[in-house]
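What follows is each chain in one-letter form.
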Amino acid sequence: MPITDYLEKNSELYGDEVCLVELNPEIQEKRYVTWKEFSLTEPKQTAAYRREITWNVFNEKANRFANLLISGGIGKGDKVAILLMNCLEWLPIYFGVLKTGAMAVPFNFRYDTDEIEYCADLAEVDIMVFGSAFIGRLEPIADKLAKKCKLIYCGEGTCPSFAANYQELTANASSVNPEIEIKDSDNAAIYFSSGTTGFPKAILHNHESLMHSAKCEQAHHGQTHDDVFLCIPPLYHTGAKMHWFGSLVSGSKAVLLKGTKPEYVIQAVHNERCTIVWLLVPWAQDILDDIDSGKIDLSKYDLSCWRLMHIGAQPVPPSLIKRWKKVFPNHDYDTNYGLSESIGPGCVHLGVENTHKVGAIGKAGYGWETKIVDPDGNTVARGEIGELCVKGPGVMTCYYRNEEATNECLKDGWLFTGDMAKEDEDGFIFLVDRKKDVIISGGENIYPVQIEDYIRKMNQVKDVAVIGMPDSRLGEISAAIIEVKEGFTLTEDEVNDFCLGMARYKRPRKVIFADIPRNPTGKIEKPALRKIYCVENLVAKENES
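Residues numbered from 1 in each chain as written. Predicted model: local features only at pLDDT ≥ 70, side-chain atom pairs only at ≥ 80, totals over all residues. Heavy atoms only, no water.

## Remarks on the packing of aromatic side chains
Note on aromatic pairs: each is described by the distance of the centres and the angle between the planes.
Part 1: Per the counting criterion, the structure on display carries 18 aromatic pairs.
Part 2: Their ring planes at 80 degrees and their centres at 5.9 Å tell us that Phe95 and Trp244 sit as a pair that is edge-to-face. Of this pair, Phe95 sits in helix α3 (residues 90-100) while Trp244 sits in helix α9 (residues 238-250), and the two are 149 residues apart along the sequence. Of the two residues, Phe95 and Trp244, both sit in the buried class.
Part 3: Between Phe109 and Tyr236, the aromatic rings sit 5.3 Å apart at their centres with planes inclined by 85 degrees, giving edge-to-face as the arrangement. (Phe/Tyr/Trp six-rings, centres within 6.5 Å; stacked < 30°, edge-to-face > 60°. Helix = DSSP H or I, 4+ residues; strand = E, 2+ residues; numbered from the N terminus. Buried < 20%, exposed > 50% of the residue type's maximum accessible area, 1.4 Å probe, protein only.)

## Here we look at the packing of helix α11 (residues 281-293) against helix α12 (residues 318-327)
When two helices pack together, their arrangement is captured by the angle between the axes and the distance separating the axes.
Part 1: Where α11 contacts α12, the axes come no closer than 11 Å and their chain directions differ by 45 degrees. Considering their axes alone, α11 and α12 lie oblique with respect to each other. As α11 packs across α12, the resulting crossing turns out to be left-handed. Counting all contacts with α11, which are made through Val281, Ala284, Gln285, Ile287, Leu288, Asp289, Ile291 and Asp292, the residues of α12 involved are Leu320, Arg323, Trp324 and Val327.
Part 2: By residue class, the composition of the contact of α11 with α12 is eight nonpolar, one polar and three charged. (Axes fitted to C-alpha atoms, helices over the stretch in contact; angles between N-to-C directions. Parallel < 35°, antiparallel > 145°, perpendicular 65-115°, else oblique. Left-handed = near helix turned anticlockwise from the far one by under 90°. Contact = heavy atoms within 4.5 Å. Nonpolar A, V, L, I, M, F, W, Y, C, P; charged D, E, K, R; others polar.)

## Some points on the environment of Pro448
Part 1: By the element assignment, Pro448 lies in helix α14 (residues 448-455).
Part 2: Taking the C-alpha atoms as reference points, Pro448 and Ile190, separated by 258 residues in sequence, lie 24 Å from one another.
Part 3: Beyond its immediate sequence surroundings of up to four residues, Pro448 is in contact with Asp437, Val438, Ile439, Val466 and Lys526.

## Points about the environment of Met458
Part 1: Its place among the elements puts Met458 in the loop between α14 and β26 (461-471).
Part 2: For Met458, a relative accessible area of 7% corresponds to the buried category.
Part 3: For Met458 and Leu490, which are 32 residues apart along the polypeptide, the C-alpha to C-alpha distance reads 9.6 Å.
Part 4: When neighbours within four sequence positions are excluded, Met458 is seen to be in contact with Leu490, Glu494, Val495 and Phe498.

## So, the pairing of strand β15 (residues 332-339)
Part 1: The buried count for β15 comes to six of eight residues, which makes it a mostly enclosed element.
Part 2: Inspection of the sheet shows strand β14 (residues 308-311) paired to β15 by four bridges, in the parallel sense. Bridge assignment links His310 to a residue of β15, and that residue is Asp334.
Part 3: Bridge analysis of β15 against strand β16 (residues 344-349) gives four bridges, and the strand direction is antiparallel. Counterpart to Gly338 in the pairing with β16 is Pro345.
Part 4: As consecutive antiparallel partners, β15 and β16 are separated by four residues, and within that stretch Ile343 has a phi angle of approximately 50 degrees, a positive value. (Pairing = 2+ DSSP bridges.)

## Thoughts on α9
Part 1: For α9, with 13 residues, the first-to-last C-alpha span of 19 Å sits near the 18 Å given by 1.5 Å per residue.
Part 2: Taken across its 13 residues, α9 has 13 buried, putting it largely inside the fold.
Part 3: One or two steps after α9, the chain reaches Gly251, where phi turns positive at roughly 65 degrees. (Expected span 1.5 Å × (residues − 1).)

## Examining the environment of Ser193
Part 1: Counting through the fold element by element, Ser193 comes out in strand β9 (residues 187-194).
Part 2: Here Ser193 falls in the buried class, since its relative accessible area comes to 15%.
Part 3: Residues Ser193 and Glu341, 148 residues apart in the sequence, show an inter-C-alpha distance of 8.2 Å.
Part 4: Beyond its immediate sequence surroundings of up to four residues, Ser193 is in contact with Phe199, Pro200, Lys201, Ile203 and Glu341.

## Structural notes on the pattern of salt bridges
Part 1: Counted according to the given criterion, the structure contains 24 salt bridges.
Part 2: Between Asp302 and Arg273 there is a salt bridge; the shortest N-O distance is 3.2 Å. With Asp302 in the loop between α11 and β14 and Arg273 in the loop between α10 (262-272) and β13 (276-279), this residue pair connects regions lying 29 residues apart in the sequence.
Part 3: The partner of Lys462 in a salt bridge is Glu483, with the nearest N and O atoms 3.4 Å apart. Of this pair, Lys462 sits in strand β26 while Glu483 sits in strand β27 (residues 475-484), and the two are 21 residues apart along the sequence. (Salt bridge = Lys/Arg side-chain N within 4 Å of Asp/Glu carboxyl O.)

## Looking at a negative patch on the surface
Part 1: The grouping of Glu492, Asp493, Glu494 and Asp497 at the surface amounts to a negative patch.
Part 2: Relative to the helices and strands, Asp497 resides in helix α15 (residues 492-498).
Part 3: Residue classification places Asp497 among the exposed positions, given a relative accessible area of 54%. (Patch = residues over 30% accessible without salt bridge, like charges linked within 9 Å, V, L, I, M, F, W, Y side chains within 5 Å. Areas by Shrake-Rupley, 256 points an atom, 1.4 Å probe, with all protein chains shown as cover. Lys, Arg positive; Asp, Glu negative; His and termini not counted. Charge placed at Lys NZ, Arg CZ, Asp CG, Glu CD.)

Printed below as a string of structure tokens:
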């Protein structure tokens, strides 16, 4: 059964009910005549605007886009990229692609021009749908892309000359379900991930994977038709979309919130009567900080509807959840572990009944198996550290066009995650370290080699190594250890100024000048650097908490 069947069912059962709301509190002026003004109830704040669609409209929009694609020859084996910020069009476009039997290919909205081109080539994209935020990034490569794929603009304002207009193209397309036969084994989507080199890999999933993700999410969090899910993270991310799948299964409403300011979150829960909110660690900390400082007065809000707060994408400090439960004692709390290779969150799941085990990522999730193995693939004893492996219907088919990488991590149906972990005496899994050299800061993956390669362009730099250092708010921050060439001088300000050329989230948060240890084969000894700069700092922070 393809996941698109849920959309058809919801259209039949709940056709006139609102399914998606888009909130943009930062908009100061009404920019669309189709938008409804959203007058906040108490407390009165800056005017916000919202758009909404029903299940019928959602399904009709998906059908129109599907039929448009089919009329252009798109079908099974083809790929349609989605390069959009969160908006009401995002999910109907995604489901329109799925209804054709083609593959949806969500792009990270942080990608720069080179990354967009690289991923389009890697996934062999046939069509790319993009929004207004990406016109400037696409212009330099529009001619090259146009030779390989069709560009469709879905956004406000004038459509750029190098693209076709989404609204015009879909206006006259049929709104009837195209009725394409789709099997569980058919390819459904390509997501992008990166290894320690920072070069994206294309992760191929079939329809069984998507369906299992939906079932897994609903089984873990028990969404009913009365729930309202507040979605803040970007929809290109498997975490955001697969958590929303719980709303799809239950036919319930979801709210797409643009902006992460604490007052936006609290106002959205208050006004939209949200029951489930998925946060990242820094967002949860910011909310608590604003409550503690008085910036947010909870007495002005009715948050009695809010039943569940869950966190994913990075390790969760136990002290944060203790603090949260003091402020929101009636909230259930949960966390999920997952990878894009395992179709997002849920292959390991803590469970709301296991708050006493906060710090653990949990046990095998719904329909999943787990094991922890040594370098030879043998299961280790409880308490011993090894590599976490997961197995289930949501494991990727392969890394698209990368057989070598596929064979490295897929063995006998088991996905070797690259994360080092251990089980306690009760069978709960705790992450210990990452085998792959990836820094997770505020839920975003940062790849040290990209920063290292950039900093090495500085003439004064002899060597550089970037590691993750513990941070109470972001989980980790990137720290650049720099070895300066003999006879040269270099300051922290000079490094920071040079790094302004990188995306903000990639810039190192800390700069340290020191020698870089390398082993006999020439590889940087990052474990030694972590021992020097991380372990003592981590111990000190744990003692403070």
